[in-house]
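Results of the structural survey
Take a look at the letters that make up each chain.
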Amino acid sequence: MNFAPYIVQLFTPEQAAEVARFAEQNTFTGAHDVPARNTLKTADTKIIQWRQIKQYLDWSMHWVHFFNTREIGLDIYDMRDLDLINYNVYTADREGEYQWHIDGKPGPSDIKVTAVINVSTEPYEGGDLELFTNGPVVCHEMRQPGTLVIFPSVIMHRVTPVTRGVRKTISYWVMGPNFR
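The written sequence of each chain sets the order in which its residues are numbered from 1. Under the rules for a predicted model, residues below a pLDDT of 70 receive no local features and side-chain atom pairs below 80 are neither given nor counted, while totals for whole chains, interfaces and linings still include all residues. Neither water nor hydrogens contribute to the side-chain values; these are computed over all heavy atoms in the structure.

1. Quick notes on the overall build of the protein
Within the protein one finds 2 helices and 12 strands. Every helix listed is a DSSP run of H or I at least four residues long, and every strand listed is a run of E at least two residues long, numbered separately from the N terminus. The N-to-C order of helical and strand elements in the protein reads β-α-β-α-β-β-β-β-β-β-β-β-β-β. Restricting the calculation to C-alpha atoms gives the radius of gyration, and the globule rule supplies 2.2 Å times the number of residues raised to the power 0.38. Against the compact-globule benchmark of 16 Å for 180 residues, the protein has a radius of gyration of 15 Å, which places it among compact chains. Overall, the protein is about 45 × 35 × 30 Å in size when its C-alpha atoms are taken along their principal axes. Counting all 180 residues of the protein, 51% fall into the buried class. For each residue, the accessible area found with a 1.4 Å probe, counting protein chains only, is set against the maximum for its type, and the residue is called buried under 20%, exposed over 50%, and partly exposed in between.

2. Considering the pattern of salt bridges
Take a side-chain nitrogen of Lys or Arg and a carboxyl oxygen of Asp or Glu: if they are within 4 Å of each other, that pair is a salt bridge. What the rule picks out here adds up to 7 salt bridges. Between Glu24 and Lys168 there is a salt bridge, with the nearest N and O atoms lying 3.1 Å from each other. Note that Glu24 is positioned in helix H1 (residues 13–25) and Lys168 in strand S12 (residues 166–175), a separation of 144 residues in sequence. Residue classification places Glu24 among the partly exposed residues on the basis of a relative accessible area of 34%.

3. Details of the packing of aromatic side chains
Two aromatic rings are characterised by how far apart their centres lie and by the angle between their planes. A pair of aromatic rings is counted whenever rings of Phe, Tyr or Trp (Trp by its six-membered ring) have centres within 6.5 Å, and the orientation is called stacked for planes under 30 degrees apart, edge-to-face for over 60 and tilted otherwise. With the rule as written, the count across this model stands at 8 aromatic pairs. For the pair Tyr6 and Phe67, a centre-to-centre distance of 5.9 Å together with 40° between the ring planes defines the contact as tilted. On the criterion of sequence distance, the pair formed by Tyr6 in strand S1 (residues 6–9) and Phe67 in helix H2 (residues 50–72) is long-range, its members being 61 residues apart. Geometrically, a charge over a ring is one whose NZ (Lys) or CZ (Arg) sits within 6 Å of the ring centre while staying within 35 degrees of the ring normal. Positioned over the ring face of Tyr90 is Arg167, at 5.1 Å from the centre of the ring.

4. Notes on the sheet that holds strand S4 (residues 98–101)
Ordered by their spatial adjacency, 4 strands build an open sheet running S4-S10-S7-S8, and the pairing between neighbours is antiparallel. Looking at the sheet topology across the chains shown, the edges are occupied by S4 and strand S8 (136–138). Averaged over all pairs of adjacent strands, the angle between their axes in this sheet comes to 20°, without regard to strand direction. A pair of strands counts as paired when DSSP detects no fewer than two bridges linking them. By the bridge criterion, 3 bridges tie strand S7 (residues 129–132) to S8 in an arrangement that is antiparallel. Bridge pairing links Leu131 to Val137 in S8. Every axis in this analysis is a line fitted to C-alpha atoms, fitted for helices over the stretch in contact. Angles between the N-to-C directions lie between 0 and 180 degrees.

5. Looking at the packing of H1 against H2
Packed helix pairs are characterised by how far apart their axes lie and by the angle those axes make with each other. As a packed pair, H1 and H2 sit with axes 11 Å apart at the nearest point and diverge in direction by 180°. Between H1 and H2, the angle falls in the class roughly antiparallel. Judged by residue contacts, Glu18, Val19, Phe22 and Ala23 of H1 engage Gln52, Ile53, Gln55 and Tyr56 from H2. Among the residues making up the contact of H1 with H2, the classes are represented as 5 nonpolar, 2 polar and 1 charged. The labels follow the angle: roughly parallel below 35 degrees, roughly antiparallel above 145, roughly perpendicular from 65 to 115, and oblique for the rest. Contacts are residue-level and defined by heavy atoms, with any inter-residue pair within 4.5 Å sufficient. The residue classification treats Ala, Val, Leu, Ile, Met, Phe, Trp, Tyr, Cys and Pro as nonpolar and Asp, Glu, Lys and Arg as charged. All others, Gly included, are polar.

Here is the structure:
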């Protein structure tokens, strides 16, 4: 399996800001964030159902399928209307971060692909997305608002502490049949 992320400029900064505004106004109160076990996450996370925001994110699923077909070849499903996504806000005043974790694990997990979109509306410092592939690697492209980063969910990754400003992202996970 290829462990390199796939990076796409999905939105302009203006479109990213529009997605952030929409996410802030359309949270789903029937669910809450469940961070990876034994991992510190100091972000304000709101939950949104796919059906509420798919008008903005459907195009990102085309890139997920493209990446999966060309690079990793896993059995994956499309996002369903009731699937939940995260709108994460990492702030400097909380030293917003998400320590090393994985979203899926080898074995009976069916979380296959992670997608993260930068929808930040202002510059920030810190808050780097790092993937652990033969050591920590900073995904510098993630700094640009509108950037979509896609990677296999079994890759360990983190968000370093935000030291100035506010980092906003949309995160979602693409499921598939259990690994065999």
